[in-house]
Amino acid sequence: MEPQEFFVPILLGTGRTDRKSAKVAELIRELAGRRGWRAEIFDAGELATRVTHGPKDPVPETAPWRTAAAAADGFIVVAPEYNHGYPAELKIVWDACFAEYRRKPVLTCGVSDGIFGGARFLENFLAVILAVHAVPMANRIYAPQVDKLFGADGQPADAGWVARAEKALDDLGWYLAALKAARGT
Ligand SMILES: Cc1cc2nc3c(=O)[nH]c(=O)nc-3n(C[C@H](O)[C@H](O)[C@H](O)COP(=O)(O)O)c2cc1C
């Protein structure tokens, strides 16, 4: 398939002060951008409302995400694992849309300072992706021991990790093209 310019919003799923997931999201944005995709980070810390407002009760705070989700060809979610689950602000922003996700691929990336790379929350989030009729990628990006991921120069220190992330993005690229063609949008 020919390279295409896809719009892929990246939802950064935590607003925690000093969050390390932000750096991982930025790296993934860069890798996605190199493919000619329009990859833009959306910050759940800024977008989340105090309580959930669903798509039938739209509020101004989540408008940027709702606009992006409607135009998106697919999504990347980058978030840490908190007590084996996903951050509440991620879910609040995610729940602001429904139809906008339909038949679009979602690649997830879990971040942790321990060895599991968010594996437990990613399993939970799978159900959330399916609930909105989006298409979860079997391939995921795990960012365990996040402090070791970057060297003192701020660049990725693990070429193997980057190669695995590239492979997941390759897969996402296939689904972006296939599903966009099938949706005809
Ligand atoms: C409330 C809270 C709960 C956490 N729970 C987990 C956890 O269940 N599993 C895990 O691997 N790390 C856990 N962590 C540590 C994160 O892996 C760590 O903060 C890491 O830097 C990624 O999150 P960040 O983007 O907030 O920095 C937790 C951190 C916080 C603040």
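Shown above is the structure to which this text applies.
What comes next concerns the included structure. Keep in mind that what you see is a predicted model, and the values were worked out from it rather than measured.

**What to know about the pairing of strand β1 (residues 7-12)**
Step number 1: Of all 6 residues making up β1, 6 are buried, and the element is well covered by its neighbours.
Step number 2: Of the two faces of β1, the one lined by Phe-7, Pro-9 and Leu-11 and the one lined by Val-8, Ile-10 and Leu-12 are each fully buried.
Step number 3: The pairing of β1 with strand β2 (residues 38-43) spans 6 bridges and is classified as parallel. Looking at β2, one finds that Pro-9 is bridged to Glu-40.
Step number 4: Relative to strand β3 (residues 75-80), β1 runs parallel, the two being bridged by 3 bridges. Note that in β3 the partner of Leu-11 across the bridge is Val-77.

**Side note on the nonpolar core**
Buried together is how nonpolar side chains tend to be arranged in soluble globular proteins.
Step number 1: By size, the foremost hydrophobic cluster in this structure holds 31 residues, and its most contacted members are Val-24, Ile-28, Ile-76, Val-78, Trp-161 and Leu-172.
Step number 2: Elements supplying a minimum of two residues to this core: β1, α1 (21-33), β3, β4 (105-111), β6 (141-143) and α6 (159-183).
Step number 3: For this core, the element with the most residues is α6, which contributes 8 residues.
Step number 4: Setting aside anything within four residues of it in sequence, one finds Leu-172 in contact with Val-8, Trp-37, Ile-76, Pro-105, Leu-107 and Met-137.
Step number 5: Core analysis: the second largest hydrophobic core is formed by 25 residues, Phe-42, Ala-69, Ile-129 and Ala-134 among them.

**Thoughts on the environment of Ile-76**
Step number 1: Looking at the secondary structure, you find Ile-76 in strand β3.
Step number 2: Exposure remark for Ile-76: the relative accessible area of 1% places this residue in the buried category.
Step number 3: Every residue in contact with Ile-76, bar those within four places of it in the chain, is listed here: Val-8, Pro-9, Ile-10, Leu-11, Ile-28, Leu-107, Leu-169 and Leu-172.

How each quantity is defined
In this convention, every chain numbers its residues from 1, walking through the sequence in written order. In view of the model being predicted, local features appear only for residues whose pLDDT reaches at least 70, and side-chain atom pairs are presented and counted only at 80 or more, with totals across whole chains, interfaces and linings using the full set of residues. Water and hydrogen atoms were dropped before computing side-chain values, which therefore reflect all heavy atoms in the structure. The rule is simple: take the accessible area with a 1.4 Å probe, protein chains only, and divide by the maximum for that residue type; under 20% is buried, over 50% is exposed, in between is partly exposed. The numbering of helices and of strands both runs from the N terminus, where a helix is a DSSP run of H or I of at least 4 residues and a strand a run of E of at least 2. By definition, two strands form a pair when at least two bridges between them are found by DSSP. What we call a nonpolar core is a set of buried Ala, Val, Leu, Ile, Met, Phe, Trp, Tyr and Cys residues that are connected through their side-chain atoms within 4.5 Å. Residue contacts are defined here by distance: any two heavy atoms, one from each residue, within 4.5 Å place the two residues in contact.

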